[in-house]
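# Structural description and commentary
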Amino acid sequence: MRDTDSDRAHHRPADPGDPGDLGRRITHRRRELGLTRAEAAARGGMDPGFVEFAETSTSPLGVGALTRLADALDTTVDDLLGGGRDVPPGQARADVRATLEVLDPEDCWARLAPGGVGRVVLTTPQGPVALPVNYRVLDAAVLYRTDAGGLLADVAGEQVGFEVDRLDEVFATGWSVLVSGTASVVSDQDAVHRIGPDADPDPWAGGERDTWVRIRPTGISGRILRPTGTPPADPG
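Quick notes on the rules
- Residues numbered from 1 in each chain as written.
- Predicted model: local features only at pLDDT ≥ 70, side-chain atom pairs only at ≥ 80, totals over all residues.
- Heavy atoms only, no water.
- Helix = DSSP H or I, 4+ residues; strand = E, 2+ residues; numbered from the N terminus.
- Buried < 20%, exposed > 50% of the residue type's maximum accessible area, 1.4 Å probe, protein only.
- Contact = heavy atoms within 4.5 Å.
- Areas by Shrake-Rupley, 256 points an atom, 1.4 Å probe, with all protein chains shown as cover.
- Salt bridge = Lys/Arg side-chain N within 4 Å of Asp/Glu carboxyl O.

Right, let's get into the overall build of the chain. Across its full length, the chain holds nine helices and seven strands. Residue burial in the chain is summarised as follows: out of 236 residues, 36% are buried. Contacts in the chain between residues at least 24 apart in sequence constitute 70% of all its contacts with a sequence separation of at least 6. Here the chain has roughly 13,400 Å² of accessible surface; of this, 52% comes from carbon and sulfur atoms.

Along the chain, Thr-146 turns up in strand β4 (residues 141-146). With residues up to four places along the chain from it excluded, the contact list for Thr-146 reads Leu-152, Ala-153, Glu-208, Arg-209, Asp-210, Thr-211 and Val-213.

This part is about the pattern of salt bridges. Within the structure shown, the criterion is met by ten salt bridges. Put simply, Asp-74 and Arg-43 hold a salt bridge, and the shortest N to O gap is 2.6 Å. Within this pair, whereas Asp-74 is found in the loop between α5 (63-72) and α6 (77-80), its partner Arg-43 is found in helix α3 (residues 37-44), the two being separated by 31 residues in sequence. Given the relative accessible area of 42%, Arg-43 is considered partly exposed. The partner of Arg-119 in a salt bridge is Asp-165, and the shortest N-O contact between them spans 2.5 Å. In this pair, Arg-119 is assigned in strand β2 (residues 116-124) and Asp-165 in strand β5 (residues 159-168), connecting sequence segments 46 residues apart. With relative accessibility at 41%, the residue Asp-165 sits in the partly exposed group. Among the ionic contacts, a cluster of salt bridges with common partners joins Arg-30, Arg-37, Glu-52 and Glu-55.

Listed below in structure tokens is the structure:
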């Protein structure tokens, strides 16, 4: 089977255009683990050319090839195929036991520092609301861009929460960080010009999102799940 996979990689040309959802997910997971294509291939006993083929081609892959890729990338075939994209994380049965520990502020900031997607928690007349945003961290503050007339801009001057989390179901690990602070609109154009090149959150959502909002923290806390012990017995 390994020779077949290698032959497919060498003799079927990769499509340089759109790699499709599967190719994107394979690439994303590999980069998330910090692996080169050669390293991912070595972990799965595959030819590096096949990993490149899987990431760049729109041709379907067999179950055996997908299984080896999933094992090499510490994930599941279902995740690579996008099976869990419309369901909340954490539904899988944990493979190991885990303990819950408190993160110190330094560790919390280390997890926030790369930026990404978080949730702004605010209060409306209808009750609490949590809205996702693309964010960046600059000068010990959280930054995001939004619509000037939306809820996320109207929080200027108010106390808000900002939460980011991560969950790895394969290893039963995860963490959550919560920032409490005061939101303000960045109105000084000099500040906006300085922020732009260094910390542009580049919102995924479309539309005009030219209002910068900064959350100055008054507190930060976090918790982390760490695996301990051995996997629970399989009742089957």
